[in-house]
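Observations on chain architecture
The primary structure of each chain is shown beneath.
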Amino acid sequence: MNSCAKARLAAATTEEEAGRIALEIRDRFGAPPQEVLNLLYLVQMKAVAARAGMQSVAMEGDYIVLRVLPGVLFDRAELVRRLGRAVTLTPNTIRLDRR
């Protein structure tokens with residue numbers, strides 16, 4: 001797969017756009033390597049997070065860090081109930097321990 005296709009995939013902002021590009025890649029180059037599948041997953045995850053009111057999704061060491069857009073409310077108690085000690089919450093950040 002060429003770098004132009006990877007750049008287009010990285011720039012995708014919706015799950016649908018990422019899916020179209022992924023199909024194009026499969027049609028042109030065959031089964032994508034794991035690094036492309038990982039990039040596709042990341043693009044899809046960021047699109048879902050954006051719809052949920054997240055400003056960004058990033059890796060910081062052993063943590064997945066979601067930054068919440070100002071004014072977006074989320075159920076803190078429910079996150080703690082579901083994720084337990086794997087989640088750390090601040091007013092505008094959700095940190096998930098990957099370990």
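Thresholds applied
Residues numbered from 1 in each chain as written. Predicted model: local features only at pLDDT ≥ 70, side-chain atom pairs only at ≥ 80, totals over all residues. Heavy atoms only, no water. Helix = DSSP H or I, 4+ residues; strand = E, 2+ residues; numbered from the N terminus. Buried < 20%, exposed > 50% of the residue type's maximum accessible area, 1.4 Å probe, protein only. Contact = heavy atoms within 4.5 Å. Pairing = 2+ DSSP bridges. Core = buried A, V, L, I, M, F, W, Y, C linked by side-chain atoms within 4.5 Å.

This part is about the overall build of the chain. Looking only at helices and strands, one finds 4 helices and 4 strands in the chain. Listed by position from the N terminus, the elements making up the chain come as α-α-α-β-β-α-β-β. The principal-axis extents of the C-alpha atoms in the chain amount to approximately 45 × 30 × 20 Å. Counting every position in the chain, which comprises 99 residues, the buried fraction comes to 22%. Look at the contacts in the chain between residues 6 or more apart in sequence, and 45% of them connect residues 24 or more apart.

What follows is about the pairing of strand E2 (residues 63-68). Across 6 bridges, the pairing between strand E1 (residues 54-60) and E2 is antiparallel. Across the sheet, residue Ser56 finds its bridge partner in E2, namely Arg67. Between E1 and E2, which pair antiparallel and follow one another directly, the connecting turn spans 2 residues, one of which, Gly61, has a positive phi of 60°. For E2 and strand E4 (residues 93-97), the ladder comprises 5 bridges, and the chain directions are antiparallel. Paired with Leu66 across the two strands is Ile94, which belongs to E4.

Let us look at the nonpolar core. By size, the foremost hydrophobic cluster in this structure holds 10 residues: Ala5, Leu9, Ala12, Ala18, Ile21, Ala22, Ile25, Val36, Leu40 and Val43. For this core, the elements supplying multiple residues, two or more each, are helix H1 (3-11), helix H2 (15-29) and helix H3 (34-51).

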